[in-house]
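The primary structure of each chain is shown beneath.
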Amino acid sequence: KAGIPLGVLKVLDPRQLKPDIPETERILTVLDETIVKLEITRLIPRITGSLERYARMLGPELTSSLLEHQKLSMEIQHLLANPGDEENMRAVEQRLKHSLRNILRLFLANPLLYHGLKYEIRVRESAADVFIRAFMEFRDFTLERLLTSPDEEKEKLQFMEDISLRVEKTMETLSALREELAAVTQTRDEQLNRKDKTIEELKTSMENLAKDCKAEIRHIMEEGEKQQKEDEKASQDRCARLKQDAQLLGARLNALVLEHQASELVLKQEKCKAEQEIQKWVQKYDTDMTEKQATYEELQDAYSEEKEQLALLMEKHALLLQEYTEIEEERRMLEEKEEEAAREEARRNDAATCIQAFWKGHLVRSIYKSKLKKAKRKSKSK
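Residues numbered from 1 in each chain as written. Predicted model: local features only at pLDDT ≥ 70, side-chain atom pairs only at ≥ 80, totals over all residues. Heavy atoms only, no water.

### Comments concerning the overall build of the protein chain
(1) Moving on: Summing up its helical and strand segments, the protein chain has nine helices and zero strands in all.
(2) Moving on: Moving toward the C terminus, one meets the helices and strands of the protein chain in the order α-α-α-α-α-α-α-α-α.
(3) Moving on: Each of the 382 residues in the protein chain was classed as buried or not, and the buried ones make up 15%.
(4) Moving on: Nonlocal contacts in the protein chain, meaning residues at least 24 apart in sequence, comprise 71% of its contacts between residues at least 6 apart.
(5) Moving on: Counting every atom, the protein chain has about 31,400 Å² of accessible surface; 57% of that belongs to carbon and sulfur. (Helix = DSSP H or I, 4+ residues; strand = E, 2+ residues; numbered from the N terminus. Buried < 20%, exposed > 50% of the residue type's maximum accessible area, 1.4 Å probe, protein only. Contact = heavy atoms within 4.5 Å. Areas by Shrake-Rupley, 256 points an atom, 1.4 Å probe, with all protein chains shown as cover.)

### Some thoughts on the packing of aromatic side chains
(1) Moving on: Applying the stated criterion to the full structure yields two aromatic pairs.
(2) Moving on: Between the aromatic rings of Phe-131 and Phe-135, the centroid separation amounts to 6.4 Å while the plane-to-plane angle is 40°, which identifies the pairing as tilted. Taken together, the residues Phe-131 and Phe-135, both in helix α7 (residues 127-147) and four residues apart, mark about one turn of the helix.
(3) Moving on: We classify Phe-135 as buried; its relative accessible area is 17%.
(4) Moving on: The interplanar angle of 50° and the centroid separation of 5.9 Å between the aromatic rings of Phe-135 and Phe-138 together place this pair among those described as tilted. (Phe/Tyr/Trp six-rings, centres within 6.5 Å; stacked < 30°, edge-to-face > 60°.)

### Here we look at helix α4 (residues 60-81)
(1) Moving on: With 22 residues, α4 should reach 32 Å at 1.5 Å per residue; the first-to-last C-alpha distance of 32 Å fits that figure.
(2) Moving on: Every buried residue belonging to α4 is among Leu-62, Thr-63, Ser-65, Leu-66, His-69, Leu-72, Ile-76 and Leu-79, and all of these are buried. (Expected span 1.5 Å × (residues − 1).)

### Regarding a nonpolar patch on the surface
(1) Moving on: On the surface, Met-160, Ile-163, Val-167, Met-171 and Leu-174 cluster together into a nonpolar patch covering about 400 Å² of accessible area.
(2) Moving on: Tracing the backbone shows Met-160 in helix α8 (residues 150-338).
(3) Moving on: By relative accessible area, Met-160 is classed as partly exposed at 43%. (Patch = residues over 30% accessible without salt bridge, like charges linked within 9 Å, V, L, I, M, F, W, Y side chains within 5 Å. Salt bridge = Lys/Arg side-chain N within 4 Å of Asp/Glu carboxyl O.)

### Details of α7
(1) Moving on: An ideal rise of 1.5 Å per residue puts 30 Å on 21 residues; α7 measures up with 30 Å between its terminal C-alpha atoms.
(2) Moving on: Asp-129, Ile-132, Phe-135, Arg-139, Thr-142, Leu-143, Glu-144 and Leu-147 are the residues of α7 that are buried.

### Some points on the side chain of Ser-99
(1) Moving on: Tracing the chain through its elements places Ser-99 in helix α5 (residues 86-109).
(2) Moving on: What makes Ser-99 buried here is its relative accessible area of 6%.
(3) Moving on: Apart from residues lying up to four places away in sequence, Ser-99 is in contact with Ser-65, His-69 and Leu-72.

### With respect to the pattern of salt bridges
(1) Moving on: Scanning all chains against the criterion turns up nine salt bridges.
(2) Moving on: Here Arg-139 ties to Asp-32 by a salt bridge, and the two come within 3.1 Å at their closest N and O atoms. Of this pair, Arg-139 sits in helix α7 while Asp-32 is found in helix α2 (residues 22-49), placing the two residues 107 residues apart along the sequence.
(3) Moving on: A salt bridge links Arg-331 to Asp-350, with the nearest nitrogen and oxygen atoms 2.4 Å apart. Of this pair, Arg-331 sits in helix α8 while Asp-350 is found in helix α9 (residues 343-381), placing the two residues 19 residues apart along the sequence.
(4) Moving on: A relative accessible area of 22% means that Asp-350 is categorised as partly exposed.

### A few points about the side chain of Thr-353
(1) Moving on: For Thr-353, the position within the fold is in helix α9.
(2) Moving on: Those residues in contact with Thr-353 that lie beyond four places of it in its chain are Tyr-324, Ile-327 and Glu-328.

### As for the confidence of the model for the protein chain
Low-pLDDT portions of the prediction should not be read for the details of their coordinates.
(1) Moving on: Of all residues in the protein chain, 90% have pLDDT values of 70 or greater, and the mean over the chain is 77.
(2) Moving on: In the model, residues 1-17 has pLDDT below 50 throughout and makes 25 contacts with residues more than four positions away in sequence or in other chains. (pLDDT = per-residue confidence, 0-100.)

### Looking at a positive patch on the surface
(1) Moving on: Taken together, the side chains of Arg-365, Lys-369, Lys-373, Lys-374, Lys-376 and Arg-377 define a basic patch exposed on the protein surface.
(2) Moving on: As for its placement among the helices and strands, Lys-374 is situated in helix α9. (Lys, Arg positive; Asp, Glu negative; His and termini not counted. Charge placed at Lys NZ, Arg CZ, Asp CG, Glu CD.)

### As for the packing of α2 against helix α3 (residues 51-58)
(1) Moving on: Look at α2 against α3: their axes get within 6 Å of each other, and the N-to-C directions meet at 110°. Taken as axis vectors, α2 and α3 run roughly perpendicular relative to one another. Of the residues in α3, those in contact with Ile-47, Thr-48 and Gly-49 of α2 are Leu-51, Tyr-54 and Leu-58.
(2) Moving on: A per-class count over the contact of α2 with α3 returns four nonpolar, two polar and no charged. (Axes fitted to C-alpha atoms, helices over the stretch in contact; angles between N-to-C directions. Parallel < 35°, antiparallel > 145°, perpendicular 65-115°, else oblique. Nonpolar A, V, L, I, M, F, W, Y, C, P; charged D, E, K, R; others polar.)

### Re the nonpolar core
(1) Moving on: Counting residues in hydrophobic clusters, the biggest one holds 16 residues, and the most contacted among them are Ile-47, Leu-58, Leu-62, Leu-66, Phe-107 and Leu-117.
(2) Moving on: Of all the secondary structure elements, the ones that give two or more residues to this core are α2, α3, α4, α5 and α6 (111-120).
(3) Moving on: Once residues lying within four places of it in the same chain are set aside, the contact partners of Leu-117 are Leu-43, Ile-47, Tyr-54, Met-57, Leu-58 and Phe-107. (Core = buried A, V, L, I, M, F, W, Y, C linked by side-chain atoms within 4.5 Å.)

### As for the packing of α2 against α4
(1) Moving on: At a closest axis distance of 10 Å, the pairing of α2 and α4 adopts a crossing angle of 100°. When the interaxial angle is binned, α2 and α4 end up roughly perpendicular. On α4, the residues that touch Ile-44, Ile-47 and Thr-48 of α2 are Leu-66, His-69 and Gln-70.
(2) Moving on: Here the residues of the contact of α2 with α4 sort into three nonpolar, three polar and no charged.

### Section: the environment of Ser-64
(1) Moving on: With respect to the secondary-structure elements, Ser-64 resides in helix α4.
(2) Moving on: Among the residues examined, Ser-64 registers a relative accessible area of 41% and is labelled partly exposed.
(3) Moving on: Between the C-alpha atoms of Ser-64 and Ile-103, which are 39 residues apart in sequence, the distance is 9.9 Å.

In structure tokens form, the structure reads like this:
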């Protein structure tokens, strides 16, 4: 990077491209908003396909808009399948465009909702993704063109010419290296031919050596037969000595068998004693495990009772959460109708809602703590 001009480096590394004037920022803002709208439009079919699942997250206004958009989409598909009424087709198209603009407006007003749905909904790769990536590349290209001055463009062209000259020099060097490689390859082939001739000569000498070895093998075979006869005589003498040793060892083995039988009786008696001791320990283990099982069942009953109490508290929490959601929805509707005059009242409603939620949460926690203390006292008393 030290040898690359600054203008060329900005083109090669898009991360260094930053807007420098308000007009450029406005153009980029429009392109970025268009990319967001395209991504939202890509998610709309998947959301409408599982609208019941996301209804609570979307809210009533956005849910109703999506339902209307779904109906218009089905209506226009029906008209496309049965062409004929062009005026009705144009009217439905206008309504569909208006519905889409309204949905995009609602999503852009709540960016956190869009980002949450974007990471939760998994959409398969489609032609829309290809178009969005192409539009992103167009946005980067537009930014590059807006931020590249004429001088930087000249630096870029000069840099590309320098690279072309370097490539030509590299190709010339590569041609010379190829010629050198061809010469080295030819020399290596000549050396291999010489080695092949040497191998042929060695094969011929080995064949002559094999003929000489055959006579030597015959002589060795004769010597081996003589040695075999002498070894057979010696082995017969050795077998006679081994038979005598075997008889002596047999007598010794009988004596050892009698000795081990006596020790086996002693070990059997010790084994019986050990088995009786093990049986006592097993009975003791069964008794201990029975007592522990009874204790476990008592603890399990106490746990079930506490679990039922926890379920009741969770139901109360769900009701409180639903009330909180309804209060939030009413506050939002009042803000839209009353506009500037109702802002102070809306802040008061928010403060009251937070205090109520905090107080109800405090009550639920205090009830839950008191019940936990009672349950602990019962478990300790048991």
